[in-house]
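Notes for the structure review
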Amino acid sequence: MDTSTPAVVLKFDPNVMHHGGLGVIRSLGRIGVPVYGVHEDPLAPAAGSRYLQGRFFWRPSPDDVDRVLDGLTRLAAIIGRQAVLITTDDAGALFLAEHGGALRERFLFPDPPPDLPRRLAGKYSLHEICDELGVASPRTALPGSRAEARDFAQAAGYPVIAKLTAPWNASKGLRSTQVVADEDELGRVYENCAHADAGLMLQEFIPGGQGHDWFFHGYCDAAADCRPAFTGVKERSYPVGAGLTSRGRATANDALRGEVTSLLARLGYRGLLDLDIRLDDRDGRYHLLDFNPRLGAQFRLFRDTAGTDVALAAYLDLTGQPIPEATQVDGRCFVVENYDPISALAQWRAGELGLRPWLASLRTADEWAWFARDDLRPFGLMCVRMGWRSVTRRFTGHRVHSARDGFRYRPGRLAAHGGNSAPATAGRAAPRLDSASPCPQTQTQTTAQP
């Protein structure tokens, strides 16, 4: 395997607790790929990984296209050679699909039809695609008034699922997906979305339960051939019933894998993907709930018998190397340490989970979102950040953000320990892209290990 081509992990989402990027850093860094990460600030947990060659502190906004293109061009200049670019959120995937043409000389990334990722990531546009292709999906409505929202909920029955149509543009305080229990709560959700000018979609609630919530992770090459293709069961989520996976298990499902890979070929999809799917016992069909056209945060749950996960598959394909033929490893468990206790607590209050079964489930974890014996600093920083977040929310009612919004480079721990060759600019003044202006400014930055 040729690991000489660098990789860049790009994140637009300002959530420092996003663990998917850390998974990429570890997956590629452990095999010797020089990995660079884009982070909010030096205390972002993922920025502490020992497997980083370099760290860029920057908060890109997908709405400012010129500034992002300029920043990524400067990032490429600092690295000094073409690099694989992996996005970990919808905003990044949409940006590259729609505006990435100017970056292809500097970065390697998939080339899907420009409009397809946005149509798949959009909650209502995904429903329209499902209707066009005959793919099972829940009944859905775009209410134009509170009365229309009430009428749909009465017809579908409570609870109903409320989703933001474009969650990558979500205003602070709005949840992208939530379970609405009754008419009063529906009214509050509708008014909050109307006040924030956020599109609201309502979806019927499909009864679930243990073994009904599935997800699919994969990578499609330029021919829309999905390999590897992984299936798993979502055992716990945060928030409960409508959130990210806090505990999942790799479980082979050939029927589901066949349905999804066939859909991807029909779409002509290219790149990484993460799908949420629910089995409906009423009709025996798998209903597609969400299509995320990017890396899934829990992707490290999956690997095949050749040791390949989807991040490595993308790296191999984009650098012109073959992806080994192999089969999924079943039974692996993945736990997100900072969210699973909250999910378990909610289930305990509902009488659905006891303390001993929860503790027993933790002992069977094969992969943790943050903890790794060979890379402890991200776990420690996560614990500190979660504690600080709890205190600041309790006493101030809002999050505390760093004021450092500029574009800054600092060598990572791997560079400091001589793991791979550092960029030619390391040790000199690093370019800074000021958040208030697209014009670059040069400031002297320390390169010492923080």
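Computed from a prediction, not measured in an experiment: that's the story for all the values here.

What the seven strands build is an open sheet, ordered β14-β13-β10-β11-β12-β15-β16; its pairing is mixed. Two strands bound the open sheet, and with one partner strand each, they are β14 (285-292) and β16 (367-368). Of the strand pairs in this sheet, strand β11 (residues 226-238) and strand β12 (residues 244-250) are connected by six bridges, and their pairing is antiparallel. Considered in β12, the bridge of Val233 is made with Arg249. Along the sheet, helix α11 (residues 355-363) contacts β11, β12, β15 (333-335) and β16; its crossing angle with β11, the most-contacted strand, is approximately 155°.

Now for the side chain of Lys123. By secondary structure assignment, the location of Lys123 is in helix α5 (residues 123-133). One polar contact links Lys123 to Asp290, side chain to side chain, over a distance of 2.6 Å. Among residues more than four places away in sequence, those in contact with Lys123 are Lys163, Leu164, Thr165, Pro167, Met201, Asp290 and Asn292.

One open sheet accounts for four strands, arranged β6-β9-β7-β8; its pairing is antiparallel. Both outer strands of the open sheet, β6 (140-141) and β8 (177-180), are each paired with one neighbouring strand and no more. By the bridge criterion, two bridges tie β6 to strand β9 (residues 200-204) in an arrangement that is antiparallel. The partner of Ala141 across the bridge, within β9, is Leu202. Lying on the sheet, helix α6 (residues 146-156) is in contact with β6, β7 (160-164) and β9; it crosses β9 at an angle near 15°.

Before going further, it helps to spend a moment on the nonpolar core. As a rule of thumb, nonpolar side chains are buried together in soluble globular proteins. Core analysis: the biggest nonpolar cluster contains 44 residues, and Val24 and Leu28 have the highest contact counts within it. Looking at this core, the elements with two or more residues in it are β1 (7-10), α1 (20-29), β3 (52-57), β4 (83-87), β10 (213-220), α9 (310-318) and α12 (377-396). In terms of residue count, α9 provides more of this core than any other element does, eight residues in total. If sequence neighbours within four positions are ignored, Val24 has contacts with Val9, Gly29, Ile86, Leu295, Phe299 and Ala311. Counting 25 residues, the second-largest nonpolar core is a separate cluster that includes Leu75, Ala83, Phe107 and Ala121.

With respect to the secondary-structure elements, His39 resides in strand β2 (residues 35-39). Taking the relative accessible area as the measure of exposure, His39 reaches 5% and is therefore buried. What His39 contacts, discounting residues up to four positions off in sequence, is Ile25, Ala44, Ala46, Ala47, Leu52, Arg55, Phe56, Phe57 and Trp58.

Quick notes on the rules
- Residues numbered from 1 in each chain as written.
- Predicted model: local features only at pLDDT ≥ 70, side-chain atom pairs only at ≥ 80, totals over all residues.
- Heavy atoms only, no water.
- Pairing = 2+ DSSP bridges.
- Helix = DSSP H or I, 4+ residues; strand = E, 2+ residues; numbered from the N terminus.
- Contact = heavy atoms within 4.5 Å.
- Axes fitted to C-alpha atoms, helices over the stretch in contact; angles between N-to-C directions.
- Polar contact = N/O pair within 3.5 Å; in protein donor to acceptor, adjacent residues only side chain to side chain.
- Core = buried A, V, L, I, M, F, W, Y, C linked by side-chain atoms within 4.5 Å.
- Buried < 20%, exposed > 50% of the residue type's maximum accessible area, 1.4 Å probe, protein only.

Structural measurements only, silent on function.
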